[in-house]
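# Coordinate inspection notes
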Amino acid sequence: MEIVHPNSIDEALAGLGDGAIPLAGGTDLMVEVNFGHIRPERVIGLRRLAELKEWDGQRIGAGVTWRRIETHGPKALAEAARTVGSPQIRNAGTIGGNLGTASPAGDGHPFLAAVGASIELASTASQRTLTWQEFFTGVKETARRPDELIMAVHLPAGLPERQCFGKIGIRNAMVIATVCAVVTRADDGKTTVALGSVAPTPIRATGAENMISSIGHPSAGDLVEFQRLVSEEVRPITDHRSTEEYRRHGAGVLARRLLERCLS
Ligand SMILES: Cc1cc2nc3c(=O)[nH]c(=O)nc-3n(C[C@H](O)[C@H](O)[C@H](O)COP(=O)(O)OP(=O)(O)OC[C@H]3O[C@@H](n4cnc5c(N)ncnc54)[C@H](O)[C@@H]3O)c2cc1C
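Below is a summary of the structure that appears in this document. Bear in mind that the values here come from a model prediction, so they are computed numbers and not experimental data.

Conventions adopted
- Residues numbered from 1 in each chain as written.
- Predicted model: local features only at pLDDT ≥ 70, side-chain atom pairs only at ≥ 80, totals over all residues.
- Heavy atoms only, no water.
- Near = heavy atom within 4 Å.
- Polar contact = N/O pair within 3.5 Å; in protein donor to acceptor, adjacent residues only side chain to side chain.
- Areas by Shrake-Rupley, 256 points an atom, 1.4 Å probe, with all protein chains shown as cover.
- Helix = DSSP H or I, 4+ residues; strand = E, 2+ residues; numbered from the N terminus.
- Nonpolar A, V, L, I, M, F, W, Y, C, P; charged D, E, K, R; others polar.
- Domains from an automatic or database assignment.
- Pairing = 2+ DSSP bridges.
- Axes fitted to C-alpha atoms, helices over the stretch in contact; angles between N-to-C directions.

Further remarks concern the site of the ligand. Taken together, 32 residues lie near the ligand, and Pro-22, Thr-27, Asp-28, Thr-94 and Asp-107 sit nearest. Between the ligand and Thr-83, the relevant distance is 3.2 Å, taken from an oxygen atom to a main-chain nitrogen or oxygen of the residue. Protein chains bury 89% of the 990 Å² of accessible surface belonging to the ligand in isolation. Every element with two or more residues in the shell around the ligand is listed here: strand S2 (20–23), helix H2 (29–34), helix H6 (95–101) and strand S10 (149–154). Considering every element that reaches the shell around the ligand, the biggest residue donor is H6, with four residues. Along the lines of polarity and charge, the residues of the shell around the ligand split into 16 nonpolar, 12 polar and four charged. When we break the shell around the ligand down by domain, the ones giving at least three residues each are domain 1 (2–101 + 118–154) and domain 2 (162–263).

Here it is as structure tokens:
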């Protein structure tokens, strides 16, 4: 395995394609290599690329670590960052790597879906920005082409102050999500609900969003109906981490509790 350490974005982009794979923190990629699931011929190390670590207002560079997001990110994204692995993992792992892997359980994804973020990609030939819906195409699949780098995440301006992340797992720390979710609530009542680990890609529960957004002061009954709609809208599977039924129930309960936190 050849390892290349480019000093500029142009150099990195020129090295991509032909079986070369980008390496950021390595907390996903090296697990795959160690288990023998992949044998890349060439690895393009991204750590020297200062541009990927830039964080300019609403634009978060792909190389920004969870450690930085934990301390400086918007509230719900910072809450998500705090649950990613251990301090060692958060010091190395990046938001770009989380997107590159595109695991359905990626803890960064519900926030991006809840606020309507977009993802900036670049190759030697082009630069493009995709909505989060365009970017995630399936389980561990994205619209990124092999010759492209994820450059940054773009957040919209004016994020709602009331925003909460939550995660259900088999223990409290170092756990991959059985369900994870973000709820945001704006001053005019507009509510967004995005969930991870309950479908091949992150999803928004739009029926639940529409129902609760139209109610200024939701009653206990409205919250129960919101929970029911979220549970109905998710598309979980049964796997080694959970049954479909548990995920469906957990998604509704988690979303309702996060909404209650936003409303309190
Ligand atoms: C012990 C442990 C616990 C973990 N816990 C969690 C958890 O709780 N929640 C969670 O979401 N994740 C968790 N992870 C997974 C991982 O830490 C995160 O997904 C992390 O964000 C990956 O970032 P990275 O920089 O290490 O990516 P890497 O491993 O370097 O790369 C991951 C993938 O993205 C690609 N890639 C990286 N950067 C770019 C780029 N700029 N452009 C294009 N492609 C790119 C790589 O080629 C690779 O395919 C855990 C991992 C471990 C080992």
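Before going further, it helps to examine the sheet that holds strand S4 (residues 55–56). Pairing in this open sheet of five strands is antiparallel, and the strands run S4-S5-S10-S6-S7 from one edge to the other. Only two strands of the sheet have a single partner each, and these edge strands are S4 and strand S7 (127–131). The pairing of strand S6 (residues 118–122) with S7 spans five bridges and is antiparallel. Bridging from a neighbouring strand, Ile-119 pairs with Leu-130 of S7.

The strand order across the open sheet built from three strands is S1-S3-S2, with neighbouring strands paired in parallel fashion. On the outer flanks of this sheet lie strand S1 (2–4) and S2, each paired with one strand and no other. Ignoring strand direction, the axes of neighbouring strands in this sheet form an average angle of 25°. For S2 and strand S3 (residues 42–45), the ladder comprises four bridges, and the chain directions are parallel.

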